[in-house]
Amino acid sequence: MGTDLTSKISFIQKYSNIKRVVGYVNKMEKGYFAIASVMTLIDVVISFMALILSAQVLNMISDKKETSEIIKLVFIFLTVYLVLNVLSAYCQKHVETKRQAIVKKWNYMITNKMMDMDYSLAESPFVGELKGRIQKDLNWGAGINDILWQCSGMISDVLYIIGAVIINIPILYQIISRGNTLGIIMIVIVYIVSVLLVKLQIKKLEKYQHRFLDEPYEAEEQAKRYGLTWEMATEQLYEYKNGKDIRIYDGYELFDEYTYGRMERYTRHYTHQTGKMAATAESMGDGIKSFMYASGYVVVGVITFSSQIPVGSIVQYAGAMQNMFSGIVNLSWNFWELAISARKHLSTLELIELRDEMYKGKLPVEKRSDNEYEIEFEHVYFKYPGGKDYALKDLSLKIKIGEKMAVVGMNGSGKTTMIKLLCKLYEPTQGRILLNGVDIKKFDADEYRTLFSVVFQNFKLFSMELGENVAGSEQYDNEKVKECLEKAGFTIDEEKMNKGLNTCLYKNYDNDGVEISGGEAQKIAIARALYKDAPFILLDEPTASLDPLAENEIYAKFDSIVGTKTAIYISHRLSSCKFCNDIVVFHHGSIIQRGSHEELLEDVHGKYYEMWNAQAQYYQK
Ligand code: ADP
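Model, not experiment: these values are computed from the prediction.

## Remarks on the environment of Glu-66
(1) Moving on: Here Glu-66 lies in the loop between helix H2 (32–62) and helix H3 (67–116).
(2) Moving on: You can call Glu-66 exposed: its relative accessible area is 54%.
(3) Moving on: Between the C-alpha atoms of Glu-66 and Lys-388, which are 322 residues apart in sequence, the distance is 92 Å.

Structure (structure tokens):
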């Protein structure tokens, strides 16, 4: 569910939300608001100058002044006008540069947070839900640009009111000094009527906003109970890789039902009303503006009725009076809109302000040229956030330098979880993991992770150049990349990959990008692990999509590639790990057996024996 953007909150709350969001923006680009204010001030002065000039020219004509005098005045005004416009353009350039920088920094702040937060948090359902909420909250609008534009609008409104009051000083002075009760009453009435009208209009707008913004969420929540939402369905449609199956299985109709049919049924009851509501609110706004314009003339006309004020000045006072009235109305509108925009950004701030829970170690990892590293799991228990059962229970395990260890067990027995903990992606709920006797939570996470090369089950290659994928960097050693690819069994097909290491993988961003097969992807992922040249190398079933014999081949080959490095092989297929002298059997998050293949098979009541026999049919060949 998205943030309820239109439920009632107090003025103070609105103000503090705005302050919070604007505070972030201000820290990102110091001086943005200062220069935007200067630019707005110049623009306001320019607009009042036009009013004053036309009034003065009218007065001079009615006073039958010389044409040369009028031309002189117009010339002076135009010169000042030109200078101010140049200044305004200069400010505009800086405002625009800073605005673009803010938008970039704002977006970067979100992606950076996603990369920087604890992996356990990034993977949690809560962050998943929060990301959905952010997307929905920012669906209708221009994101942080809205805040910037609306703030400029409010600065402009305030300056218009100040300018209008200054110009109207003679009129206001007349009202007060002559005790012009009618004038005072009229100004008060216009203000009261306009405030009431604006309140009424905002109420209508809020109702419209509720229909437009909040109810679709509710409808979507309802639709969710029946399966996919519109958003989830369109996301799958956008992904070109899904295109094959959609075409073969005539998925259009199914997706059409999810994207339009289902949502349409749940949203039909309000969609036809929203147009009517928008039109009513908008025409009320137009009505209020016309009322302000007419009031400006009426009030000034009544106040100056019996006085000898020249006609030009009346035009000037009436214009300023209109600005005085409409300034307040615009200020109310802008404040209301800014308050909504600020509220839309609260979910983003919620993400940015999420606190990591893992202990932030600072200890540097001892760099050992002899790679004498030893890992020990000491009575480790682990439960996923929000999970009911322990994924790991009382796990004790030692991995010595240069050892090769295989971890086998049924799906869901905790093998991958053990790897995630080992790589410090999660922290044990209880117990410790030690590196050369030191609790790994004390180490700086980034530094600690340099010790591990992992090929995960669901590893990801990026839509970047082949060489960059292997090296994980833009700068790389060509020869070393080629050597690792070769070791991993990947040969660059010159015809298909005619740019060699510079060939882009996948077509997401490059028309010349190449599509690679699952097997090729695995080889590249293995080459990436080799290129990193870390002392520990872990294979977590990246071969799950291959048949058991092919997996067996890759694992055995990999074992000869890794040489003296410490390696952990994970698989639910026992045949793949048979070659390893140290096999650890996981079951329900605990180690239940350990030994060589032959030793483990001797225990005919053991899990290994049971699994081996169950899987034997695959290895008969
Ligand atoms: P294996 O690698 O042996 O197949 P896993 O380590 O992936 O097993 O999973 C162990 C248990 O933890 C399983 O019950 C699984 O459902 C659960 N689990 C795995 N990942 C998560 C997660 N991100 N959140 C909650 N539970 C998880």
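## Quick notes on the packing of aromatic side chains
(1) Moving on: Taken as a whole and judged by the stated rule, the model has 15 aromatic pairs.
(2) Moving on: Ring plane angle 65° and centroid distance 5.2 Å describe the contact between Phe-382 and Tyr-426, whose orientation is recorded as edge-to-face. Note that Phe-382 is positioned in strand S1 (residues 375–382) and Tyr-426 in the loop between helix H14 (415–422) and strand S4 (430–435), a separation of 44 residues in sequence.
(3) Moving on: Overall, Phe-382 belongs to the buried group, its relative accessible area being 3%.
(4) Moving on: On the basis of an interplanar angle of 25° and a centroid distance of 5.1 Å, the ring pair of Phe-452 and Phe-536 is categorised as stacked. Note that Phe-452 is positioned in strand S6 (residues 452–455) and Phe-536 in strand S7 (residues 536–540), a separation of 84 residues in sequence.
(5) Moving on: Here Phe-452 falls in the buried class, since its relative accessible area comes to 3%.
(6) Moving on: By the ring-pair criterion, three or more aromatic residues cluster together here, those being Tyr-373, Phe-443, Tyr-448, Phe-452 and Phe-536.

## Some details on the site of the ligand
(1) Moving on: Around the ligand, the neighbouring residues are Glu-123, Tyr-384, Ala-391, Met-410, Asn-411, Gly-412, Ser-413, Gly-414, Lys-415, Thr-416, Thr-417 and Lys-420.
(2) Moving on: Measuring from an oxygen atom of the ligand, one finds a backbone N or O atom of Ser-413 at 3.1 Å.
(3) Moving on: Contacts to the ligand include Thr-416, whose side-chain N or O atom sits 2.7 Å from an oxygen atom.
(4) Moving on: Contact with the protein chains removes 61% of the 560 Å² of surface that the ligand exposes when unbound.
(5) Moving on: Taken together, the residues of the shell around the ligand sort by class into three nonpolar, six polar and three charged.

## Some points on a nonpolar patch on the surface
(1) Moving on: Side chains of Val-158, Ile-162, Ile-166, Ile-169 and Tyr-173 sit close together on the surface and give an oily, nonpolar patch of about 500 Å² of accessible area.
(2) Moving on: Taken together, the elements giving at least two residues each to the nonpolar patch come down to helix H6 (144–167) and helix H7 (169–177).
(3) Moving on: By secondary structure assignment, the location of Tyr-173 is in helix H7.

## Notes on the pairing of S1
Consecutive residues of a regular strand have side chains that alternate between opposite faces of the sheet.
(1) Moving on: Of the pairings in the sheet, the one linking S1 to strand S2 (residues 392–399) comprises five bridges and is antiparallel in character. Bridging from a neighbouring strand, Glu-376 pairs with Lys-398 of S2.
(2) Moving on: Here S1 pairs with S4 via five bridges, running antiparallel. Residue pairing across strands places Ile-375 opposite Leu-435, the latter belonging to S4.

## Quick look at the environment of Gly-431
(1) Moving on: One can find Gly-431 in strand S4.
(2) Moving on: The exposure class of Gly-431 is partly exposed, given its relative accessible area of 36%.
(3) Moving on: Along the chain, Gly-431 and Arg-247 lie 184 residues apart, while their C-alpha atoms are 51 Å from each other.
(4) Moving on: In contact with Gly-431, other than residues within four places in its own chain, are Glu-378, His-379 and Val-380.

## Some details on the packing of H2 against H6
(1) Moving on: Running from amino to carboxyl end, H2 crosses H6 at an angle of 40°, the nearest separation of the two axes being 9 Å. When the interaxial angle is binned, H2 and H6 end up oblique. Relative to H6, the crossing made by H2 is right-handed. Contacts between H2 and H6 involve Tyr-32, Phe-33, Ala-36, Ser-37, Thr-40, Leu-41, Val-44, Ser-47, Phe-48 and Ile-52 on the former and, on the latter, Leu-148, Cys-151, Ser-152, Ile-155, Ser-156, Leu-159, Tyr-160, Gly-163, Ala-164 and Ile-167.

Cut-offs applied
- Residues numbered from 1 in each chain as written.
- Predicted model: local features only at pLDDT ≥ 70, side-chain atom pairs only at ≥ 80, totals over all residues.
- Heavy atoms only, no water.
- Helix = DSSP H or I, 4+ residues; strand = E, 2+ residues; numbered from the N terminus.
- Buried < 20%, exposed > 50% of the residue type's maximum accessible area, 1.4 Å probe, protein only.
- Phe/Tyr/Trp six-rings, centres within 6.5 Å; stacked < 30°, edge-to-face > 60°.
- Near = heavy atom within 4 Å.
- Polar contact = N/O pair within 3.5 Å; in protein donor to acceptor, adjacent residues only side chain to side chain.
- Areas by Shrake-Rupley, 256 points an atom, 1.4 Å probe, with all protein chains shown as cover.
- Nonpolar A, V, L, I, M, F, W, Y, C, P; charged D, E, K, R; others polar.
- Patch = residues over 30% accessible without salt bridge, like charges linked within 9 Å, V, L, I, M, F, W, Y side chains within 5 Å.
- Salt bridge = Lys/Arg side-chain N within 4 Å of Asp/Glu carboxyl O.
- Pairing = 2+ DSSP bridges.
- Contact = heavy atoms within 4.5 Å.
- Axes fitted to C-alpha atoms, helices over the stretch in contact; angles between N-to-C directions.
- Parallel < 35°, antiparallel > 145°, perpendicular 65-115°, else oblique.
- Left-handed = near helix turned anticlockwise from the far one by under 90°.

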